[in-house]
Amino acid sequence: MRVVFVHGACVRDGSWWWHRTAELLQERGVPSVAPALPSCGEAGLPGGVGGPGLPEDVAAVRKVLQSDDEPTVVVAHSYGGMVTAEAAAGIGSVRHLLLVSSYLPEVGQSLSEFGDTNPAPFLDVDPDAGTFGVRPELLVDTFLQDCDPEVQAQAAHHLARQSVQVTGQPVRAAAWHQLPSTYLVCAQDRGTPPRLQREFARRADNIVELDAGHHPFLSQPAAIRDLLLNL
């Protein structure tokens, strides 16, 4: 099999965010890839007003999924669940969805429907530029508190300003209706509260809970590897 990783919001360089788990999978002969998301400025196009949004992210991931007919597990993290819901729909090679602290939308739902009216305190929104991002000074305490110091130090270099358009654009498919799905609840997540994750998880076929923060694939990569190998 192969694994396709879809990263969350406001970051770039997906291969870095997933590298600890990817390396352990490669040792077991399982290849993986982490597509670039255009809305995070990863396609050579400027983000923000009029820039790439959710449809472009979906197209980028879908292109990777269609590039190989090997049995595939898609691992979606946080905002990546919005992308995956549409991108994985109707792709015959996709055998399972693993959703990590992820949004799990119905057709027609947008990211903004899952949050409060006001932006989360760890986000910085620039309405003039049409972008939002994680406040660097809150990155570690909110998202990486259980990671080792090396990861914490490197992570800020892989943040990105993302097009705010993605928050209001609805998904046009819900792949989890047709595909087997497992939801991983991260019980120590300070970014997406566990109570919300457990609500999202009700839509999945299986639920697993891990005593981890928002990025368990960095803090507990062996646990994620084992979970994937046993799907």
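A quick note: this is a predicted structure, and the numbers were derived from the prediction, not measured. (Residues numbered from 1 in each chain as written. Predicted model: local features only at pLDDT ≥ 70, side-chain atom pairs only at ≥ 80, totals over all residues. Heavy atoms only, no water.)

**What about the pattern of salt bridges?**
Convention followed: Counted as salt bridges are all cases of a side-chain nitrogen of Lys or Arg within 4 Å of a carboxyl oxygen of Asp or Glu. The secondary structure listing takes helices from DSSP runs of H or I that are at least 4 residues long and strands from runs of E that are at least 2 residues long, numbered from the N terminus.
Scanning the entire structure with this criterion turns up seven salt bridges. The shortest N-O distance in the salt bridge between Glu86 and Arg172 comes to 2.8 Å. Here Glu86, found in helix H3 (residues 80–87), pairs with Arg172, found in the loop between strand E7 (162–163) and strand E8 (181–186); they are 86 residues apart in sequence, far enough to count as distant. One network of salt bridges, in which partners are shared, links Arg20, Asp148 and Glu150.

**Re the sheet that holds strand E1 (residues 2–6)**
Under the convention used in this document: Any two strands between which DSSP finds at least two bridges are classified as paired. Pairs of residues are marked as contacts when any of their non-hydrogen atoms sit within 4.5 Å. Axes, fitted as lines to C-alpha atoms, cover a helix only where it is in contact. Angles between the N-to-C directions of the axes lie from 0 to 180 degrees.
Strands sit in the order E2-E1-E3-E4-E8-E9 across an open sheet of six strands; the sheet is parallel. Across the chains shown, the open sheet's two edge strands, defined by having one partner strand only, are strand E2 (32–33) and strand E9 (206–210). The strands that helix H8 (residues 221–229) touches are E1, strand E3 (72–77), strand E4 (94–100), E8 and E9; relative to E9, the one it contacts most, it runs at about 165 degrees.

**With respect to the sheet that holds strand E5 (residues 123–126)**
Ordered in space as E5-E6-E7, the three strands form an open sheet in which the pairing is antiparallel. The open sheet has two free edges, formed respectively by E5 and E7, since each of these has just one partner strand. Bridge count for strand E6 (residues 131–134) against E7 is two bridges, and the pairing is antiparallel. Residue pairing for E7: Phe132 is matched across the bridge by Gln162.

**Quick notes on the state of the cysteines**
Selection rule: When the sulfur atoms of two cysteines come within 2.5 Å, that pair is taken as a disulfide. Burial status follows relative accessibility: with a 1.4 Å probe on protein chains alone, a residue under 20% of its type maximum counts as buried, one over 50% as exposed, and anything between as partly exposed.
All told, the structure shown has zero disulfides when counted by the stated rule. Cys10 provides the cysteine sulfur closest to Cys40, a residue in no disulfide bond, and the two sulfurs are 6.6 Å apart. On the basis of relative accessible area, Cys40 is assigned to the buried category, the value being 3%. Here Cys147 stays free of any disulfide, with the sulfur of Cys186 as its closest cysteine sulfur at 11 Å. Residue class for Cys147 comes out buried when judged on its relative accessible area of 7%.

**Things to note about unusual backbone geometry**
For Cys10, which is not glycine, the phi dihedral falls at a positive 65 degrees. Along the chain, the position of Cys10 falls in the loop between E1 and helix H1 (14–27). Of note in the backbone geometry, Ser101 takes a positive phi value of approximately 45 degrees without being a glycine. Secondary-structure assignment places Ser101 in the loop between E4 and E5.

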